[in-house]
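Residues per chain are reported as follows:
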Amino acid sequence: MDEGKMDENEWGYHGEGNKSLVVAHAQRCVVLRFLKFPPNRKKTSEEIFQHLQNIVDFGKNVMKEFLGENYVHCGEVVQLPLDFVKQLCLKIQCERPESRCDKDLDTLSGYALCLPNLARLQTYHFAEHRPILCVEIKPKCGFIPFSSDVTHEMKHKVCRYCMHQHLKVATGKWKQISKYCPLDLYSGNKQRMYFALKSLLQEAQNNLKIFKNGELIYGCKDARSPVADWSELAHHLKPFFFPSNGLASGPHCTRAVIRELVRVITRVLLSGSDKGRAGALRSGPGLWGPPVCEASPFSRSLRCQGKNTPERSGLPKGCLLYKTLQVQMLDLLDIEGLYPLYRRVERYLEEFPEERKTLQIDGPYDEAFYQRLLDLSTEDDGTVAFALTKVQQYRVAMTAKDCSIMIALSPCLQDASSDQRPIVPSSRSRFAFSVSVLDLDLKPYESIPHQYKLDGKIVNYYLKTVHAKDATVMSARFKESEDCTLVLHKV
Ligand SMILES: O=P(O)(O)O[C@@H]1[C@@H](OP(=O)(O)O)[C@H](OP(=O)(O)O)[C@H](O)[C@H](OP(=O)(O)O)[C@H]1OP(=O)(O)O
Ligand SMILES: Nc1ncnc2c1ncn2[C@@H]1O[C@H](COP(=O)(O)OP(=O)(O)OP(=O)(O)O)[C@@H](O)[C@H]1O
């Protein structure tokens, strides 16, 4: 990219989250990722450069080690002409969802991250001419805390995502409770994964997006987004999954196309032999939480039908979901056990503020930082060193709980042999695919008190409202509900 000759007309709005905004180049397979800030909390250019460089270093030295070379794209920090950034910001403003406009794109520093456009496969510089389908999933936390520091029994039964759903609906973030439960997706059991993916398709929230040739075709921007339209989605997907047609339109076609999509995504998620050192994190079997979340409609249904609890995670060790889960499980103590350790570090820093640098709270995220993350001991010897290791592990775990997985699928000819990428078959076609992770920005040290408060809020809300109601009406209602008999298809 020639940073000297930037033209805002060559770039278009691609998407954004809470902390960054992404624009994509119209022809080349690159995106620019800018930081966003609340209007009156601007940072200096130097701070922004350092923040972006930390993101790159953390990706290179930590996440690539844990998740594997091929899944992680760190990109590079680029300096752009300020005029270009200002014009670009004006150009894209009208496309931003209202709910994200509480923060402004950083137009003052001129710094951004330049990354491959993961919605258009991994060819870094030039767009492929083949059509490309890309599914982005933000799977969230895939396990139930196993820490003995957990004080609310409910946290050992219902996963954080399922509990949080109720608070999110109550505060108007989303309109309805999703049937998606991360534990189903991370189960490695094809039927549970199938159910999880279909639930995401029914209620995408910010956990699922689908792009066709780099354009968003499915997924909601905020609670005001129109309801998901499967027939429209199937219309987009039909040429990918049933290229030679022969399938009439209508509900039957829609179901068939969605089924194919879910099967292909399940297969891709279970694939992978990429190397990574997440295995170094594997904790003993006793440390694994229960394999199901009691709030998942899938497991409720099994219980209702008198069937056994599904087995523990059957994810293949090479797959990205497995590795991501291992990193998430660096949260060994749960926020309840971690918070007092954070306070210990805080007290130390209050006394010795100059030590913040030595403790690598704000980086550098180098090899030494990575090595310290591998110490999984939970024996507290009362030292600041122990507290710091757990704090840093927690931050990394939280990062893995909030990252997204991008799956890019490109149809390939039956006899294609030149394609170096792995292939996934569907009933009527085959796809070259790639899997990547995005949003691997290390969670800030400062967010720990917020996490602590939010955790209490989520659990208390769930206990007060949902569970109390559950206890009285749920058992009766569920017996009558059609949810009780899930139809399990062969996958
Ligand atoms: O706390 P959670 O689980 O709600 O996660 C936040 C996400 O909400 P979600 O529940 O996925 O809708 C939230 O996503 P949205 O802004 O709601 O799309 C952010 O990803 C936030 O991370 P950060 O503060 O921007 O670094 C996320 O905060 P972290 O907890 O990961 O710091
Ligand atoms: N390299 C990339 N290629 C293609 N699309 C990308 C890339 N990076 C980000 N995106 C898109 O931009 C969106 C926002 O990016 P990202 O998730 O990194 O933002 P964020 O503000 O850090 O998120 P969060 O709200 O989780 O903090 C993503 O959901 C994804 O659709």
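Residues numbered from 1 in each chain as written. Chains lettered and ligands numbered in written order. Predicted model: local features only at pLDDT ≥ 70, side-chain atom pairs only at ≥ 80, totals over all residues. Heavy atoms only, no water.

Chemist: I tried to follow the packing of helix H1 (residues 45–67) against helix H9 (residues 320–328) on my own but got confused; where do I start?
Modeler: A pair of packed helices can be characterised by two numbers: the angle between their axes and the separation between those axes. Across the interface, H1 lies against H9 with an axial gap of 9 Å and an inter-helix angle of 125°. Taken together, the axes of H1 and H9 lie oblique to each other. In contact with Met63, Phe66 and Leu67 of H1, H9 contributes Leu320, Lys323, Thr324 and Val327. Within the contact of H1 with H9, the residues separate by chemical class into five nonpolar, one polar and one charged. (Axes fitted to C-alpha atoms, helices over the stretch in contact; angles between N-to-C directions. Helix = DSSP H or I, 4+ residues; strand = E, 2+ residues; numbered from the N terminus. Parallel < 35°, antiparallel > 145°, perpendicular 65-115°, else oblique. Contact = heavy atoms within 4.5 Å. Nonpolar A, V, L, I, M, F, W, Y, C, P; charged D, E, K, R; others polar.)

Chemist: Looking at this structure, how should I read unusual backbone geometry?
Modeler: Most peptide bonds adopt trans geometry, and most residues besides glycine take a negative phi value. The linkage connecting Gly363 with the following residue, Pro364, adopts the cis geometry, with an omega of 0°. Along the polypeptide, Pro364 turns up in the loop between helix H10 (334–351) and helix H11 (367–373). Even without glycine at this site, Gln205 takes up a positive phi of about 40°. Its place among the elements puts Gln205 in the loop between helix H5 (190–202) and strand E8 (208–212). Residue Gln205 is classed as buried on the basis of its relative accessible area, which comes to 1%. One non-glycine residue, Asp334, adopts positive backbone phi at about 65°. (Buried < 20%, exposed > 50% of the residue type's maximum accessible area, 1.4 Å probe, protein only.)

Chemist: Just to check I follow, could you spell out the site of ligand 2 for this structure?
Modeler: Residues in contact with ligand 2 amount to 22 residues; listed here are only the nearest, Asn18, Lys19, Ser20, Glu136 and Asp439. Note that an oxygen atom of ligand 2 is positioned 2.7 Å from one of the backbone N or O atoms of Lys19. Within the side chain of Lys209, one N or O atom sits 2.8 Å away from an oxygen atom of ligand 2. In isolation ligand 2 exposes 620 Å². Once the protein is present, 93% of that is buried. Listed by contribution, the elements that provide at least two residues to the shell around ligand 2 are strand E1 (11–16), strand E2 (20–25), strand E3 (30–37), strand E6 (111–116) and E8. (Near = heavy atom within 4 Å. Polar contact = N/O pair within 3.5 Å; in protein donor to acceptor, adjacent residues only side chain to side chain. Areas by Shrake-Rupley, 256 points an atom, 1.4 Å probe, with all protein chains shown as cover.)

Chemist: How should I be thinking about the domain arrangement of the chain in this particular structure?
Modeler: Where interface size is given, it is often the accessible area lost as the parts come together that is meant. The domains assigned to the chain are domain 1 (8–117) and domain 2 (134–465). Computed from C-alpha coordinates alone, the two centres of domain 1 and domain 2 are separated by 23 Å. Each partner contributes residues to the interface: domain 1 has 23 residues there, and domain 2 has 40 residues. Carbon and sulfur atoms make up 59% of the surface buried where domain 1 meets domain 2, a total of about 2600 Å² over both sides. Counting every contact that joins domain 1 to domain 2 gives two salt bridges. Among the ionic pairs, Asp441 bridges to Arg33, the shortest N-O distance being 2.8 Å. Between the two partners, domain 1 and domain 2, sit six residue pairs in polar contact (both at pLDDT 80 or more). With 10 residues, H1 is the largest single contributor of residues to the side of domain 1 that touches domain 2. Here the residues of the side of domain 1 that touches domain 2 sort into nine nonpolar, seven polar and seven charged. (Domains from an automatic or database assignment. Buried area = accessible area lost by both parts, 1.4 Å probe. Salt bridge = Lys/Arg side-chain N within 4 Å of Asp/Glu carboxyl O.)

Chemist: When you look at the nonpolar core in this model, what are you seeing that I'm missing?
Modeler: Soluble globular proteins: nonpolar side chains tend toward being buried together. Counting 120 residues, the largest nonpolar core has Phe66, Phe241, Val396 and Leu409 as its most contacted members. A per-element tally of this core places helix H7 (residues 251–270) first, with 11 residues. For this core, the domains that each give at least three residues are domain 1 (8–117) and domain 2 (134–465). (Core = buried A, V, L, I, M, F, W, Y, C linked by side-chain atoms within 4.5 Å.)

Chemist: Teacher, can you tell me more about the site of ligand 1 here?
Modeler: Every one of the 14 residues lining ligand 1 counts as a neighbour, but Arg100, Lys168, Lys173, Lys443 and Gln451 are closest to it. One nitrogen or oxygen atom from the side chain of Arg160 is found 2.8 Å from an oxygen atom belonging to ligand 1. In this structure, Lys168 approaches ligand 1 through a side-chain N or O atom, which is 2.6 Å from an oxygen atom. Protein contact buries 84% of the 590 Å² of open area that ligand 1 shows by itself. For the shell around ligand 1, the elements supplying multiple residues, two or more each, are helix H3 (160–170) and helix H13 (448–480). The biggest single contributor to the shell around ligand 1 is H3, with three residues. When the residues that make up the shell around ligand 1 are grouped by side-chain class, the tally is one nonpolar, four polar and nine charged.

Chemist: Whenever I open this one, helix H8 (residues 297–304) confuses me. Can you help?
Modeler: For an α-helix, 3.6 residues make a turn, and residues three or four places apart therefore share a direction. Among the eight residues in H8, six count as buried, and that is most of the element. All of the buried residues in H8 are Pro297, Phe298, Ser299, Arg300, Ser301 and Leu302.

Chemist: Looking at this structure, I do not really get the packing of helix H6 (residues 230–241) against H7. What am I missing?
Modeler: The N-to-C vectors of H6 and H7 enclose an angle of 65°; their axes lie 9 Å apart at closest approach. Here H6 and H7 pass one another in a crossing that is left-handed. On H7, the residues that touch Trp230, Ser231, Leu233, Ala234, Leu237, Lys238 and Phe241 of H6 are Cys253, Thr254, Val257, Ile258, Glu260, Leu261 and Val264. Residues that form the contact of H6 with H7 fall into these classes: 10 nonpolar, two polar and two charged. (Left-handed = near helix turned anticlockwise from the far one by under 90°.)

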